[in-house]
Amino acid sequence: MKKAVRIFWRLFAFGFIAFIALILMANFGVFGKMPSLEDLENPSILQASEIYAEDGTLMGKFYTERGNRSNVKHSDISRYVIDALVATEDERFHNHSGIDFKSTLRAILTLGRQGGGSTITQQLAKALLAQGSKNKAFRVIEKLKEWIIAVKLEKNFTKEEIITLYLNVVPFGNNIYGIRNAARSFFQKEPDRLDVEEAALLVGMLKGNTIYNPTRNPKAALDRRNVVIGQMEINGKIKPAEAVKYKATPIKLNYKKLDENTGYAPYYREILKQEIREAIKDLKKPNGKPYSIYNDGLKVYTTINIQMQEIAEEGMAQHMAQLQKGINARSDMKSGKIWKGHENILEKAAKESDRWKNLTEDGLSDKEIRASFEVKVPMKIFVWNNKREMDTVLTPMDSIKYHLQMEQASFMALDPVTGEVRAWVGGIDFKTYKNDHINLNTKRQVGSTIKPFLYTQAMEERGFKPETECENVAQFFPGSGWVPSGRKCGGGSMTMANALAYSKNCATAYIMKQVGPKQFSDFLSRIGIPTPVKPYPSIALGTCDLSMYEMLWGYTIFAGRGFSSRPFSISRIEDRNGNIIKRFDFSVNRKEAISEVTAYTMAKMMQGTVDKGTAGGMRNRVGALEMGGKTGTTDDNADAWFMAYTPQLLAGAWVGFEYTFMRNQSDGNRIARPIAEYFFRKVLANKKLGIEKDAKFVKPAELENEINSADIEYKDIEATPGAEGSDQGVGNENDYFFENDPVENLGPESKPLPLDDDKKAPKKDTIKTITKSPAKKEDPTSKPIGSATNETEKKKGILKRIFDKKNKN
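Keep in mind that this is a model prediction, so the values were computed, not measured.

A. Inspection of the overall build of the chain at higher detail. Helices and strands together make up the secondary structure of the chain, namely 30 helices and 20 strands. In the chain, the share of contacts with a sequence separation of at least 24, taken over all contacts with a separation of at least 6, comes to 72%. Summed over all atoms, the accessible surface of the chain reaches about 36,800 Å², with 52% contributed by carbon and sulfur.

Written out as structure tokens, the structure reads:
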């Protein structure tokens, strides 16, 4: 044997042994940990957690940069996707065992000019190893590891499982991973609904998800899609005539990427993160590690009703868009006088802005940065249109003023018996305004919405009844002073029912005198309100700060038959494989707070508000047989509230500015009530939602022969000055509603909320005190005599509105 031949075989043998040694070393983790067989059978691919509504609708996701993926089964992937992938990426996929040596040899000899040599299984192995070094030496080691993993995958998985796993992990650009997310983002479809040309477009992106991204390079994407279609034709997956037709079809995208600012209920989803963390903090995965809400593919099923959520968002958008027109027309807003004496707020906002931080990082001085805030630049601003934004040119400082002059709002609805949250709208636009005005940490002065709690305690502990006479005069509390502080009251007396319906401050102060500030403060805690309320006498009029979440929690006692139900919104949590790891029971959130008799009596008494009082006529307008409600307005109209409920649904609305010095120019009835009214009218009209118009509050057996719907009447009392001015309103509706300047199309129900019936200044007629009618047993199938549709009620000439600018609650 010639010396050269011996040297060749020695080198070959050495190389072969070295190659085998490298493979063995790689397999045993010398060059980095290799996944075990168990890891391969249960791959720990980063997977987004998904949030689902009550009906299974996907609301949104929580994910990290590389975790925005959602797994899908092989049966839920269009066959066109499978065919396009195999025809383009790995024609011999069904014939090899993980490594296609023919393709590998071709790639080596042509240096990749005729395509790469990696099979689909190898590409999956690469994705599972999360590697891709640019160093050639390291890349050789990585390639060996990919081969090893590919062979193991082929040994332990079927071809269907491999291709499904691959399609669940591959990136499609724009931080979109997996075929399901890609189908949803680019076409708003599930992957089993993709057509040939859509499947070819997505598969074509796998060669380069930036260069072939149709949102960035439509021409390159179209050419690549047609290459894929050609490969499908060559491999017999489609006919030549079909290929010609598909290639001639232009790209039709419906691109909408689901992120934190899109999807349903973004304010709610942001709050939900902490609730999920709390719920899973003590749970462990099978490997003993804690769950991550961003990477472990949890499925969180909530109690949110998508239709109710949409109705709530529509109602807010339409009302707030209309309301903002009046605000923008105010002279103090247009001239900038509103900011006189509050310039420090603007300066603080400027220094906390991203623009200021970025310019600081660029090395500019504070003086230079501040000067730049007076120079006009192109920007996007929030506006009330379908996109909720507009391109314009403003100075950054004018932009700050503009956005801070935008009035804010919140709305929440829940089941008053179970506490299950149905709708959550924490603000007017999550993308621009992140502050959630519902959650426990956002508190505002509640005004007269607190009064029902005081009246409840008076019934429960002091023996008050709807017909109990209350002094309509200011009350002196030793050590604190007079309540109300202005001491302007109508004098005389009125029934407790009338005092609540017309939100009388002086009569409420009288009730507080009988109950006691300390006792009332303790009572608020007992019915579920977690924020400690200091026992000042003025809390009877709502001078304390509470959150919308807490107020609705407290209001559950009325329709909830005396039980306080903490609002909750998660029904169950599943792991990525569909195993339930946490189930939630609403009963643990309920506790008895007051008697069922008191709850029922209050529910009937609060109907006076929405029949004849500060929100008169609302029950009739929404079409509810029975309903309770309460308006609330704080000092200088800074905060406007409205709470309302039927036997099956409880909701609350709040409207106000981020900074209270701006103030509304009307009350809770005109500013907040329209949002809730729109919601109830739409929900009650939709039979599919299951909220019945004819639902009645459950009458306790103890009251079977005592209280029926005719017992609480709202007849004439002396209409003297001193009623709760802030809840009666200031000015007239034309100051805030502009019928000749229609709201832009903001959704399916694109019209302004209906205005109230004509409201006139109150006449100086006298209205007599209640005369309680003899108790009659109510026929449960009959319509209440006190219904707003009763013609006698319509003719009673009840007080419509009391305009009193001086006596605020």
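B. Up close: the pairing of strand β1 (residues 49-52). Alternating residues of β1 divide into Ser 49 and Ile 51 and Glu 50 and Tyr 52, and every residue in both groups is buried. In terms of strand pairing, β1 meets strand β2 (residues 58-62) through four bridges, oriented antiparallel. The partner of Tyr 52 across the bridge, within β2, is Leu 58. Here β1 folds back onto β2, and the loop between the two strands holds five residues, one of which, Gly 56, carries a positive phi near 90°.

C. Looking closely at a nonpolar patch on the surface. A contiguous nonpolar patch, built from Val 5, Trp 9 and Phe 12 and spanning about 310 Å² of accessible area, is present on the exposed surface. Summarising the element assignment, Phe 12 is placed in helix α1 (residues 3-27).

D. Fine view of the nonpolar core. Core analysis: the largest hydrophobic core is formed by 141 residues, its most contacted members being Ile 276, Phe 411, Phe 453, Ile 511, Phe 520 and Phe 679. Examining the composition of this core, we find that ten residues originate from one element, helix α13 (residues 306-329), more than from any other. Apart from residues lying up to four places away in sequence, Ile 511 is in contact with Leu 454, Tyr 455, Ala 458, Phe 464, Cys 470 and Met 496. In this structure, Ile 120, Ala 125, Leu 206 and Ile 238 belong to the second largest nonpolar core, which totals 46 residues.

E. Summary view of the state of the cysteines. Scanning the entire structure with this criterion turns up one disulfide. A disulfide bridge connects Cys 489 with Cys 506, and the sulfur atoms are separated by 1.6 Å. Measuring handedness by torsion sign, the sulfur bridge of Cys 489 and Cys 506 sits at about -70° and is left-handed. Here the residue Cys 489 occupies a position in the loop between β11 (481-483) and β12 (493-495), and Cys 506 occupies one in helix α21 (residues 505-515), the gap between them amounting to 17 residues.

F. Molecular detail of the pattern of salt bridges. Under the definition given, this model contains 31 salt bridges. The partner of Glu 420 in a salt bridge is Arg 422, and the shortest N-O contact between them spans 3.2 Å. By relative accessible area, which is 19% here, Glu 420 ends up buried. Classification of Arg 422 by relative accessible area gives buried; the value is 11%.

G. Broad picture of the packing of helix α19 (residues 451-462) against α21. Packing of α19 against α21 leaves a shortest axis separation of 10 Å and a crossing angle of 40°. Comparing their axes, α21 and α19 come out oblique. Classified by chirality, the crossing of α21 by α19 is left-handed. Contacts from Lys 451, Leu 454, Tyr 455, Gln 457, Ala 458 and Arg 462 of α19 reach α21 at Asn 505, Thr 508, Ile 511, Met 512, Gln 514 and Val 515.

H. Highlighting the packing of helix α5 (residues 120-129) against helix α7 (residues 159-169). Contact geometry for α5 and α7: axes closest at 9 Å, N-to-C directions at 50°. Classified by the angle between their axes, α5 and α7 sit oblique to one another. Judged by the twist between their axes, the crossing of α5 over α7 is left-handed. On α7, the residues touching Ile 120, Thr 121, Gln 123, Leu 124 and Ala 127 of α5 are Ile 162, Ile 163, Leu 165, Tyr 166 and Val 169. Residue classes in the contact of α5 with α7 are distributed as eight nonpolar, two polar and no charged.

I. Geometry of the packing of aromatic side chains. Counted according to the given criterion, the structure contains 19 aromatic pairs. Seen in terms of ring centroids, Phe 558 and Tyr 645 are 5.9 Å apart; in terms of plane orientation they differ by 15°. Their pairing is stacked. Of the two residues, Phe 558 sits in helix α23 (residues 548-559) while Tyr 645 sits in strand β19 (residues 639-645), which places them 87 residues apart along the sequence. Of the two residues, Phe 558 and Tyr 645, neither departs from the other in class, the shared state being buried.

What counts and what doesn't
- Residues numbered from 1 in each chain as written.
- Predicted model: local features only at pLDDT ≥ 70, side-chain atom pairs only at ≥ 80, totals over all residues.
- Heavy atoms only, no water.
- Helix = DSSP H or I, 4+ residues; strand = E, 2+ residues; numbered from the N terminus.
- Contact = heavy atoms within 4.5 Å.
- Areas by Shrake-Rupley, 256 points an atom, 1.4 Å probe, with all protein chains shown as cover.
- Buried < 20%, exposed > 50% of the residue type's maximum accessible area, 1.4 Å probe, protein only.
- Pairing = 2+ DSSP bridges.
- Patch = residues over 30% accessible without salt bridge, like charges linked within 9 Å, V, L, I, M, F, W, Y side chains within 5 Å.
- Salt bridge = Lys/Arg side-chain N within 4 Å of Asp/Glu carboxyl O.
- Core = buried A, V, L, I, M, F, W, Y, C linked by side-chain atoms within 4.5 Å.
- Disulfide = S-S within 2.5 Å.
- Axes fitted to C-alpha atoms, helices over the stretch in contact; angles between N-to-C directions.
- Parallel < 35°, antiparallel > 145°, perpendicular 65-115°, else oblique.
- Left-handed = near helix turned anticlockwise from the far one by under 90°.
- Nonpolar A, V, L, I, M, F, W, Y, C, P; charged D, E, K, R; others polar.
- Phe/Tyr/Trp six-rings, centres within 6.5 Å; stacked < 30°, edge-to-face > 60°.

Geometry only, nothing functional implied.
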